[in-house]
Amino acid sequence: MNYKVIYGKNDLVYTGFLALPGKLYQKNELTQDYDTEYKLLHEKHTLSKYFNITPFVVIDKNSQMPVARCMLTYYPEDDVAYFGFFECIGQQEIAEQLLDTVSKKAKKDGKTKLSGPVDASFWIKYRLKINLFDRIPYTGEPYNKNYYYKLLSDCGFVVQNHYTSNIYPIIDMDYYNEKFEKRYEQFLNKGYEIKSPAKKNYQYIMEKVYELIMDLYSDFPAFKYIEKKDFMDIFGSYKYILDYDMVKIAFYREEVVGFFISVPNYANLPYKLNVRNFFKILQIKNKPDEYVMLYMGVDRRHLGLGNALSNVITMELKNKHVPSIGALVRDGKITQSYASELIRDRYEYVLLEKKL
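The following paragraphs examine the structure supplied in this document. (Residues numbered from 1 in each chain as written. Predicted model: local features only at pLDDT ≥ 70, side-chain atom pairs only at ≥ 80, totals over all residues. Heavy atoms only, no water.)

To continue, consider the overall build of the protein. In terms of regular secondary structure, the protein is built from ten helices and 13 strands. A compact globule built from 356 residues should have a C-alpha radius of gyration of about 21 Å, and the protein, at 21 Å, falls within 12% of that. Within the span of the protein, comprising 356 residues, buried residues form 57% of the whole. For the protein, the share of sequence-separated contacts (at least 6 apart) that also reach a separation of at least 24 residues comes to 78%. Here the protein displays about 16,800 Å² of accessible surface, and carbon together with sulfur accounts for 48% of that area. A gap of 2 Å separates the mean positions of the 50 positive and 45 negative side-chain charges of the protein. (Helix = DSSP H or I, 4+ residues; strand = E, 2+ residues; numbered from the N terminus. Rg over C-alpha atoms; globule rule 2.2 N^0.38 Å. Buried < 20%, exposed > 50% of the residue type's maximum accessible area, 1.4 Å probe, protein only. Contact = heavy atoms within 4.5 Å. Areas by Shrake-Rupley, 256 points an atom, 1.4 Å probe, with all protein chains shown as cover. Lys, Arg positive; Asp, Glu negative; His and termini not counted. Charge placed at Lys NZ, Arg CZ, Asp CG, Glu CD.)

Taken as a whole and judged by the stated rule, the model has zero disulfides. Among the cysteines around cysteine 88, which has no disulfide bond, cysteine 155 carries the closest sulfur, lying 8.3 Å off. (Disulfide = S-S within 2.5 Å.)

Further remarks concern the nonpolar core. With 62 residues, the main nonpolar core has Trp123 and Phe231 as its most contacted residues. With nine residues, the single largest contributor to this core is helix α6 (residues 202-216). Counting 33 residues, the second-largest nonpolar core is a separate cluster that includes Val58, Val67, Leu98 and Leu152. (Core = buried A, V, L, I, M, F, W, Y, C linked by side-chain atoms within 4.5 Å.)

Tallied over the entire structure, the rule returns 21 salt bridges. Close ionic contact of arginine 69 with glutamate 37 constitutes a salt bridge, the shortest N to O distance being 2.9 Å. Of this pair, arginine 69 sits in strand β3 (residues 66-74) while glutamate 37 sits in helix α2 (residues 34-41), placing them 32 residues apart in sequence. Taking relative accessible area as the criterion, glutamate 37 reaches 3% and is therefore assigned buried. (Salt bridge = Lys/Arg side-chain N within 4 Å of Asp/Glu carboxyl O.)

Its boundaries defined by the atoms lining it, the second largest pocket holds a volume of some 200 Å³. In terms of lining, the second largest pocket is formed by Asn28, Tyr266, Ala267, Asn268, Leu269, Lys272, Asn274, Arg276, Asn277, Lys280 and Ile284. (1 Å grid on protein atoms, 1.4 Å probe; cavity = no way out; pocket = protein on both sides within 12 Å on 5 of 7 lines; lining within 4 Å. Points joined across faces, edges and corners; volume = space filled by probe spheres on them.)

Here we take up the packing of helix α1 (residues 11-24) against α2. The N-to-C vectors of α1 and α2 enclose an angle of 160°; their axes lie 11 Å apart at closest approach. In terms of orientation, α1 lies roughly antiparallel with respect to α2. With respect to the hand of their crossing, α1 and α2 are arranged in right-handed fashion. Side by side, α1 and α2 meet where Tyr14, Phe17 and Leu18 of the first sit next to Tyr34, Glu37, Tyr38 and Leu41 of the second. (Axes fitted to C-alpha atoms, helices over the stretch in contact; angles between N-to-C directions. Parallel < 35°, antiparallel > 145°, perpendicular 65-115°, else oblique. Left-handed = near helix turned anticlockwise from the far one by under 90°.)

On to the packing of helix α5 (residues 178-189) against helix α10 (residues 305-320). Where α5 contacts α10, the axes come no closer than 7 Å and their chain directions differ by 110°. Considering the angle they form, α5 stands roughly perpendicular to α10. Of the two elements, α5 crosses α10, and the hand of that crossing is left-handed. Facing α5, whose interface residues are Lys179, Phe180, Glu181, Arg183, Tyr184 and Phe187, α10 presents Leu305, Asn307, Ala308, Ser310, Asn311, Val312, Thr314 and Met315. In terms of residue class, the contact of α5 with α10 is built from seven nonpolar, four polar and three charged. (Nonpolar A, V, L, I, M, F, W, Y, C, P; charged D, E, K, R; others polar.)

Moving on: the pairing of strand β5 (residues 113-116). Residues Lys113 and Ser115 line one face of β5 and the alternating positions Leu114 and Gly116 line the opposite face, and both faces are buried. Pairing geometry for strand β4 (residues 80-88) and β5, over three bridges, is parallel. Counterpart to alanine 81 in the pairing with β5 is leucine 114. The parallel pair β4 and β5 is bridged by helix α3 (residues 92-108), and the resulting crossover is right-handed. Pairing of β5 with strand β13 (residues 345-355) involves four bridges; the strand directions are antiparallel. Residue pairing in the sheet places lysine 113 in a bridge with lysine 355 of β13. (Pairing = 2+ DSSP bridges. Right-handed = clockwise from strand over helix to strand, strands pointing away.)

Moving on, we come to α2. For α2, every residue scored as buried is listed here: Thr36, Glu37, Leu40 and Leu41. Taken around the axis of α2, the buried residues stretch over an arc of 130°, which confines them to a single face. For α2, the elements touching its buried residues are α1, β2 (52-60), β3 and β4. Glutamate 43 sits one or two positions beyond α2 and adopts a positive phi of about 55°. (Arc of directions from axis to C-beta.)

Moving on, we get to a nonpolar patch on the surface. Taken together, the side chains of Val275, Phe278, Phe279 and Leu282 make up a nonpolar region of the molecular surface, amounting to roughly 390 Å² of accessible area. Within the element layout of this structure, valine 275 appears in helix α9 (residues 275-286). By relative accessible area, valine 275 is classed as exposed at 61%. (Patch = residues over 30% accessible without salt bridge, like charges linked within 9 Å, V, L, I, M, F, W, Y side chains within 5 Å.)

Taking 1.5 Å per residue, 16 residues should reach 22 Å; α10 reaches 23 Å between its end C-alpha atoms and fits that length. Within α10, 13 of the 16 residues are buried, which leaves the element mostly enclosed by the surrounding structure. Where α10 terminates, the next one or two residues include histidine 321, which has phi positive at roughly 60°. (Expected span 1.5 Å × (residues − 1).)

Everything listed here is a matter of geometry and, on its own, says nothing about what the molecule does.
This is the structure we're talking about:
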């Protein structure tokens, strides 16, 4: 064969691993977070203490150029191995050679299954995009080449979970959602408050959001517990990119019991921070063309509050007169069908698995 798989913690692997995405994607498609990948490879990332990683790269023997890559991640006391950061040129034999090597190592190390794509952690990025490749990636979207699903399926991977992102148009000022409005009035009458936080209170609010997320997201595939200080480190930069009008926090008796977090759609700018892109981000933040609704959660003791939060967000979207994306909801979750009459299209994503 004209290709060889190399793996482990050495500079040759690191160089090929970091270089490959830039060779596969156009500038407006590239969602590689180079700094995050570099820190993971050198075990200097905030989350590195939670797992062990092994990077893999396939090299063309003739050109010595990387043609595929992957990262294998192990968590203590978890018999599942996670594969992520998967990239490959469009040749099935290369994907098979890479993933066969990955599978053999994981099985030898006592793992029973491969699950992914999971880029080392639930908290970094996971899932595989499978449709609507004619659109540039939105902020927070797992983005990949359109042929990856076939490559992975032909290597024996099957769908473990399916997710969608709903595409919503500009909402007319006369739009009325009876269920949202009714829930909103009910919760207000019970003494609940739903409001946007001040930027100066970001630390306190996100610490409360952390407490809710650790409970509410604990049954999500690939979810792993992390400490509060690590959560705050990962999400610290959000303080500067949020449009606080589109962040809503629900309070009951001064306790945080729900949240809705949206960001302007910066496309892939947050992954390539430099002076020029920083000013572009500021321009978009001041006048967004679209919003990405990333996270929502409600304390289990306050059922129905999600509709009330959605009502407030809907009112904001009406006033701002811009479209939005309800991002990355797993099949079966009630939020997947919120304002279903407005949905114009859906992005689709999958989490895959392969028994070893």
